[in-house]
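Structural characterization, general
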Amino acid sequence: MKRAVTGSHSGTGWWLMQRFSAVVLLFAGLLLWFVWLTEPAPDYATWRALFRPQAMRLVLWLWVASLCLHAWVGLRDVLMDYVKPIALRLVLDLLVTLMLLAATLWTAAILWGGHG
Amino acid sequence: MDKPSRARPVSLPLLRLSLPLPAWVSLLHRLSGVLLVCFLPPALLALEKSLRGPEAFAEVVRQFDQPAARLALLVAVWALAHHALAGIRHLFLDLHLGVSLAAARRSALAVLLFGAAVAAVTAWRLFA
C-alpha cells in the first residue's frame, strides 16, 4: 500500500510515542515487579517503607506517566476506528486527554503530597 | 431475484466467528488495552488509600479480599499479561522479525498460551 510519509502529520510522532512508552513500561514494569516481589504481602509499615526512596517514587511516577502517554495513543486509535462523528470523537479525545493528565498529576500528589 | 424493500437486520454470529489466530491476538490486544485504562483510576484510588494510614491500609486489604475484587484483579492481571505479550510480539514484527505467516501464527499461539498460563496461575493464587 503506497502511502505518503513525507510532509507533516505522517503519524510517525504518535508511532514513536507509543513504541517508546511501551519499552519504558516493559523495563520499568519489570523493575517495579521485582521490587514488589521482595515484599509480596507487606504490612502497612513495610508498604510505606517501599515508597520512601526517591528513586522508587520516580520510577513509579515515570511508569504511570508512560502509561498515560501510551494509553493516550492507544485510545486515540480506538476512537478513530469506532467513533465516526467528528464532533463526538473530538469531545471524547478531549475527555480522555484530561483523564490521563489528571491521573498523572494525581499520582505525583500521591507519591509526593506530604506522606513523607 | 428482487431485493427486499426493507433493509434486512444484521446479526453478528459471535459463536460462529472463525478468525485466524493473529486476528484474535489483535482483538484481545485492543480489548485488554481498553480494560487496563478502565482499571487505572480504581488502582490509583487503592494506592492512595493504602498509603493514607494503617486503618485505611487494612481496609484496602479487606476490600481486595472480596470475591468481586479478586475477580477484577484476575481480569486485570490477564489483561496486563496479554497486552504486554502481544505488545512484545508487535515490537518484534516492527523489527521485521517473525513476519512470515507461519511464524506469525506460532507467535500468536505463544502469546495466547502464555497469557492463559498467567491467568491460570493468578486464579490459583487468588482463589485456591
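The structure this text deals with has already been given above.
The sections below set out a description of the structure shown in this document. (Residues numbered from 1 in each chain as written. Chains lettered and ligands numbered in written order. Predicted model: local features only at pLDDT ≥ 70, side-chain atom pairs only at ≥ 80, totals over all residues. Heavy atoms only, no water.)

1. Some points on the overall build of chain B
Along the backbone of chain B there are 4 helices and 0 strands. Its helices and strands taken in sequence order, chain B reads α-α-α-α from the N to the C terminus. Over its C-alpha trace chain B gives a radius of gyration of 20 Å, far above what one expects of a compact globule, namely 14 Å for 128 residues. Taking the principal axes of its C-alpha atoms as reference, chain B extends roughly 75 × 45 × 30 Å. Counting every position in chain B, which comprises 128 residues, the buried fraction comes to 27%. Considering only contacts in chain B between residues 6 or more positions apart, those separated by 24 or more positions represent 75%. For chain B, the exposed area adds up to about 8,900 Å²; of that, 70% sits on carbon and sulfur atoms. (Helix = DSSP H or I, 4+ residues; strand = E, 2+ residues; numbered from the N terminus. Rg over C-alpha atoms; globule rule 2.2 N^0.38 Å. Buried < 20%, exposed > 50% of the residue type's maximum accessible area, 1.4 Å probe, protein only. Contact = heavy atoms within 4.5 Å. Areas by Shrake-Rupley, 256 points an atom, 1.4 Å probe, with all protein chains shown as cover.)

2. Here we look at the pattern of salt bridges
All names here are of chain B. Applying the stated criterion across every chain yields a total of 6 salt bridges over all chains. Ionic pairing is found between Glu-48 and Arg-52, a salt bridge with its closest N-O pair at 3.5 Å. As a salt-bridge pair, Lys-49 and Glu-59 come within 3.0 Å of each other at their nearest N and O atoms. One end of the pair, Lys-49, is in helix H1 (residues 21–50); the other, Glu-59, is in helix H2 (residues 54–65), with 10 residues separating them in the sequence. Classification of Lys-49 by relative accessible area gives buried; the value is 16%. A relative accessible area of 32% means that Glu-59 is categorised as partly exposed. (Salt bridge = Lys/Arg side-chain N within 4 Å of Asp/Glu carboxyl O.)

3. Here we look at the packing of aromatic side chains
Residues and elements named next belong to chain A. Using the criterion set out here, one finds 4 aromatic pairs over all chains in the structure. With a centroid separation of 5.2 Å and 65° between ring planes, the pair formed by Trp-14 and Trp-72 is classed as edge-to-face. With a gap of 58 residues between them, Trp-14 in helix H1 (residues 12–38) and Trp-72 in helix H3 (residues 54–82) connect regions that are remote in the sequence. Taking the centre distance of 4.9 Å and the plane angle of 75° together, the rings of Trp-47 and Phe-51 count as edge-to-face. The exposure classification of Trp-47 matches that of Phe-51, with both residues buried. (Phe/Tyr/Trp six-rings, centres within 6.5 Å; stacked < 30°, edge-to-face > 60°.)

4. Here we look at the layout of surface pockets
If you add up the space inside the second largest pocket, you get close to 160 Å³. As for the second largest pocket, its lining consists of A:Val78, A:Tyr82, B:Trp24, B:Ser26, B:Leu27, B:Leu28, B:Arg30, B:Leu31 and B:Val34. The element contributing the most residues to the lining of the second largest pocket is H1(B), with 7 residues. When the residues that make up the lining of the second largest pocket are grouped by side-chain class, the tally is 7 nonpolar, 1 polar and 1 charged. (1 Å grid on protein atoms, 1.4 Å probe; cavity = no way out; pocket = protein on both sides within 12 Å on 5 of 7 lines; lining within 4 Å. Points joined across faces, edges and corners; volume = space filled by probe spheres on them. Nonpolar A, V, L, I, M, F, W, Y, C, P; charged D, E, K, R; others polar.)

5. Brief notes about the state of the cysteines
Considering all chains together, one arrives at 0 disulfides over all chains under this definition. Distance from the sulfur of B:Cys38, which forms no disulfide, to the nearest cysteine sulfur (A:Cys68) is 13 Å. Overall, the relative accessible area of 52% leaves B:Cys38 in the exposed class. (Disulfide = S-S within 2.5 Å.)

6. Examining the interface of chain A and chain B
Each partner contributes residues to the interface: chain A has 27 residues there, and chain B has 21 residues. In total, about 2,100 Å² of surface goes out of reach between chain A and chain B, with carbon and sulfur atoms giving 78% of it. The largest per-residue losses of area from chain A upon contact with chain B belong to A:Tyr44, A:Trp106 and A:Ile110, which jointly make up 28% of the total buried on that side. On inspection of chain A and its partner chain B, the count reaches 2 salt bridges. One salt bridge in this structure joins A:Arg19 and B:Asp94, with 2.6 Å as the shortest N-O distance. Across the chain A-chain B interface, the total number found is 6 residue pairs in polar contact (both at pLDDT 80 or more). No other element matches H3(A), which puts 10 residues into the side of chain A that touches chain B. (Buried area = accessible area lost by both parts, 1.4 Å probe. Polar contact = N/O pair within 3.5 Å; in protein donor to acceptor, adjacent residues only side chain to side chain.)

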